[in-house]
Amino acid sequence: MKPLSQIWPQDRAERYRALGYWQGETFPALLRARAAAHPDRTALVWRDQRISYLELNDQARRFGAGLLELGLTPGDRVLVQLGNTPDFFRAAFGLFAAGLIPVYALPAHRRLEIEHLLTRSEAVAMIIPDKADGFDYRQMADELAEAVPALAHIIVAGEAGPDHHAMIGIAADPASLTADPDPQSVAFSQISGGSTGLSKLIPRTHDDYIYSLRESARICGLGPRSVYMAVLPVAHNFTMSSPGTFGAFYAGSTVVLCPSPVPDAAFPLIAKEGVTITSLVPPLALLWIDAAQKMQPDLSSLEVLQVGGAKFLPESARRVRPVLGCTLQQVFGMAEGLVNYTRLDDIEEIIVTTQGRPISPDDEILVLDDDGKPVPEGMPGHLLTRGPYTISAYHDEPAANARSFEDGYYRTGDIVARQPSGHLIVQGRAGDHINRAGEKISAEEVEDHLLAHPAVFDAVVVSIPDAHLGERICAFIKPREGETPRALDIRKFMRTRQIAAFKIPDEIRLIDTFGTTAVGKISRRHLRQQLRAEVLADEAKTA
Ligand code: OOB
């Protein structure tokens, strides 16, 4: 089995340690220390459950010890596909305590995506809910167990079937837990949004991730009295570490898990629990702003609303303070590392018009033209970055690594303009992914699925600006001779492909030909640009 590793050149690693960024902290030690320092303080609130730091640490450690008893060995990978419930945290911190490595998937992922992650990570176990949002994860896991021989254990948070372990039954004396992991070793794997093909694994170390948490908690003003509400999926990097739930634990704050992002659920919970900070993607932020104008909820405890994952337009950003009565913080980050924040004391104009500046003075930022030369300040260019918490390779992806990394710099695929203050303004993407309400979707991956439909000769997928979602997925389809597939049927077909529902095109357009420049003669990227321009021109005409 290939180890999951992340290699920093020795000189940079030494520097990050010497500067005090990497302090040798690890996740199991972190939670243990908080549990010792303030055992009775509430770590997690979920529905009517309140779980103290002591309880969370104990439950996690007993689970971790139980996994070792089951036969897992430190370094093994375990896929975690859980939603916003306490079990996610028992699982993650249990795995950390046992030296096992979580690979985080999103609840929306389906068999095809999970199979890819299991195979790539060589995971020996997966932890899933029984059912959620009408989907039975156990059935999917059973199918996966057939397809992926290395998958030895299916662990169910909830009602387990005959071939599964119930998570609650996995518990052993934590005294059996071995020493804490090496702080420079990989703690877990996040997954990439990916502009080409399927998701890639992003190995993050204890040292690098905890540095980003510690600084994020400080920049966002978290402390013992802060209450962070998790609305977006907890497995996503934004909700996990910017400062997110893990940043909140770092600071000894309380985390409230919000069962649904809709204002009817979220607003009363903010008032009841005295939530001080939460994070949203732009479409949800807009929904909250509109709802708050109508509902006049009590949001007096809310100090900071973070918005990120996709571009928040200045006109919307300007409404946050007057309507919600709190400070907006824009967050522009990526699972690969770099995170930018507007600072809480930035002037309002900076807060509403920029996507923030990097966490670290040692986040190196390059803004380059197409030929790789730096552009003048304020001008748009390709963003490349390296620093103390940005990876320099995906796990086992030689081709993608050659494309995405250069001299330790990560080529983000984002087009940004850097202001004299160091704040970045995101202007778009160079790559071909669609950012649909913060979900990153590879055009290529969707095209591949469409091509599997018997009536489809060729397909080109593009992103179209959308007032609600930020961007929506538009698929151009050239049918086979004599075929006229209906959009409805294509959508139905896509639903059978065992992929996340957010990848199904919002709009499907049949097209006779892809123009004089047939596919093959010009790059697909160019073709996508052409087709996108056609839709925009159409929309401008009808506007
Ligand atoms: C976050 O992480 P990912 O890995 O899902 O997506 C990263 C990409 C960025 O490269 C950029 O294209 C886009 O998402 N993005 C934004 C943005 N925040 C992310 N584009 C414009 N404005 C923003 N504020 O999305 C993520 C990770 C950590 C913190 C926040 C977001």
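Colleague: What am I meant to see in the overall build of the chain here?
Modeller: In terms of helices and strands, the chain carries 17 helices and 28 strands. Computed over C-alpha atoms, the radius of gyration of the chain comes to 23 Å, within 12% of the 24 Å expected from 2.2 N^0.38 for 543 residues, which places it in the range of a compact globule. Overall size of the chain, expressed as C-alpha extent along the three principal axes, is 70 × 55 × 55 Å. Sequence separation of 24 or more characterises 69% of the internal contacts of the chain that already satisfy a separation of 6 or more. Per element, the accessible surface of the chain, about 22,000 Å² overall, is 52% carbon and sulfur. Here the chain holds 55 positive side-chain charges and 68 negative ones, and the gap between their average locations is 2 Å.

Colleague: Is there a simple way to explain the packing of helix α10 (residues 263-273) against helix α11 (residues 282-295) in this structure?
Modeller: A packed helix pair is summarised by two numbers, namely the angle formed by the two axes and the spacing between the axes. α11 packs onto α10 with a crossing angle of 70° between their chain directions and a minimal axis gap of 11 Å. Compared by their axis directions, α10 and α11 come out roughly perpendicular. For the pair α10 and α11, contact is made by P263, D264, A266, F267 and I270 and by L287, W288, A291, A292 and M295, respectively. Taken together, the residues of the contact of α10 with α11 break down into nine nonpolar, no polar and one charged.

Colleague: In this structure, what is going on with the sheet that holds strand β18 (residues 357-358)? I would like to understand it.
Modeller: Neighbouring strands of a sheet are bound in pairs by backbone hydrogen bonds; such pairs are parallel or else antiparallel. Read from one edge to the other, the open sheet built from nine strands follows the order β2-β1-β13-β12-β14-β15-β16-β17-β18, with strand pairing classed as mixed. Among the strands making up the open sheet, the edge pair consists of β2 (49-52) and β18. Here strand β12 (residues 227-230) pairs with strand β14 (residues 277-280) via two bridges, running parallel. Of the residues in β14, the one forming a bridge with Y228 is I277. Relative to β14, α11 is tilted by about 120°, and along the sheet it contacts β12, β14 and β15 (304-308). In the packing of helix α12 (residues 314-324) onto the sheet, contacts are made with β15 and β16 (327-334), and the angle to β16 comes to roughly 140°.

Colleague: Would you explain the packing of aromatic side chains in this entry?
Modeller: Pairs of aromatic rings are described using the distance from one ring centre to the other and the angle between the two planes. This model, assessed by the stated rule, comprises 25 aromatic pairs. For the pair F27 and Y209, a centre-to-centre distance of 6.3 Å together with 50° between the ring planes defines the contact as tilted. With F27 in helix α2 (residues 27-37) and Y209 in helix α7 (residues 206-219), the pair connects residues that are 182 residues apart, well separated along the chain. For the pair shown, F27 and Y209 are each scored as buried. An aromatic cluster is defined as three or more aromatic residues linked by ring pairs; in this entry it consists of F27, Y53, F88, F89, F93, F96, Y104, F188, Y209, F246 and F249. Over the face of the ring belonging to Y250 we find R34, whose NZ or CZ atom lies 4.7 Å from the ring centre. Taking the ring centre of F135 as reference, the NZ or CZ of R110 above it sits at 3.6 Å.

Colleague: Got a minute to help me understand the sheet that holds strand β26 (residues 456-466) in this structure?
Modeller: Read across the open sheet, the three strands follow the order β26-β27-β28; overall the sheet is mixed. Only two strands of the sheet have a single neighbouring strand rather than two, namely β26 and β28 (507-510). For this sheet, the mean inter-axis angle between neighbouring strands, taken without regard to orientation, is 25°. Across ten bridges, the pairing between β26 and strand β27 (residues 470-479) is antiparallel.

Colleague: Hey, could you run me through the nonpolar core in this one?
Modeller: A general tendency of soluble globular proteins is for nonpolar side chains to be buried together. Formed by 121 residues in total, the largest nonpolar core has its most connected members in F27, F88, Y104, I127, M229, F246 and F249. Sort the elements by how many residues they give to this core and helix α4 (residues 86-97) lands first, with eight residues. For I127, the residues in contact, after removing those within four places along its chain, are F63, V78, L79, V80, Q81, L82, A91, L95, I155 and M167.

Colleague: Can you help me understand the pairing of β14 in this one?
Modeller: For a regular strand, side chains alternate in direction, first toward one face of the sheet and then toward the other. Judged by which residues are buried, β14 turns out to be covered on both faces: I277 and S279 on one side and T278 and L280 on the other are all buried. Relative to β15, β14 is paired through four bridges, and the arrangement is parallel. Its bridge partner lying in β15, S279 is registered against Q306. Considered for its hand, the β-α-β crossover made up of β14, α11 and β15 is right-handed.

Colleague: Would you mind showing me how to read the site of the ligand here?
Modeller: With respect to spatial proximity, 19 residues lie near the ligand, and among them H236, V331, A335, D414 and K440 are the closest. A distance of 3.4 Å separates a nitrogen atom of the ligand from a polar atom in the backbone of A310. A distance of 3.5 Å separates an oxygen atom of the ligand from a polar atom in the side chain of R429. Protein coverage of the free-state accessible area of the ligand, which is 600 Å², stands at 95%. Of all the secondary structure elements, the ones that give two or more residues to the shell around the ligand are α8 (237-241), β16 and β23 (424-429). Of the residues forming the shell around the ligand, the biggest block, four residues, is contributed by β16. Taken together, the residues of the shell around the ligand sort by class into seven nonpolar, eight polar and four charged.

Colleague: Before we go on, may I ask you to explain the side chain of S241 in this structure?
Modeller: Residue placement: S241 occurs in helix α8. Within the structure, S241 has its side chain in polar contact with the side chain of Y209 (distance 3.0 Å). What S241 contacts, discounting residues up to four positions off in sequence, is Y209, S212, L213, S216 and Y341.

Colleague: I tried to follow the environment of L284 on my own but got confused; where do I start?
Modeller: Its place among the elements puts L284 in helix α11. According to the relative accessible area criterion, L284 is buried, its value standing at 15%. Measuring from C-alpha to C-alpha, the distance between L284 and V307 comes to 9.0 Å, with 23 residues separating the pair along the chain. Beyond its immediate chain neighbours, meaning those up to four positions away, L284 contacts V231, L232 and P261.

Calculation notes
Residues numbered from 1 in each chain as written. Predicted model: local features only at pLDDT ≥ 70, side-chain atom pairs only at ≥ 80, totals over all residues. Heavy atoms only, no water. Helix = DSSP H or I, 4+ residues; strand = E, 2+ residues; numbered from the N terminus. Rg over C-alpha atoms; globule rule 2.2 N^0.38 Å. Contact = heavy atoms within 4.5 Å. Areas by Shrake-Rupley, 256 points an atom, 1.4 Å probe, with all protein chains shown as cover. Lys, Arg positive; Asp, Glu negative; His and termini not counted. Charge placed at Lys NZ, Arg CZ, Asp CG, Glu CD. Axes fitted to C-alpha atoms, helices over the stretch in contact; angles between N-to-C directions. Parallel < 35°, antiparallel > 145°, perpendicular 65-115°, else oblique. Nonpolar A, V, L, I, M, F, W, Y, C, P; charged D, E, K, R; others polar. Pairing = 2+ DSSP bridges. Phe/Tyr/Trp six-rings, centres within 6.5 Å; stacked < 30°, edge-to-face > 60°. Buried < 20%, exposed > 50% of the residue type's maximum accessible area, 1.4 Å probe, protein only. Lys NZ or Arg CZ within 6 Å of the ring centre and 35° of its normal. Core = buried A, V, L, I, M, F, W, Y, C linked by side-chain atoms within 4.5 Å. Right-handed = clockwise from strand over helix to strand, strands pointing away. Near = heavy atom within 4 Å. Polar contact = N/O pair within 3.5 Å; in protein donor to acceptor, adjacent residues only side chain to side chain.

All we've got here are geometric facts, nothing functional implied.
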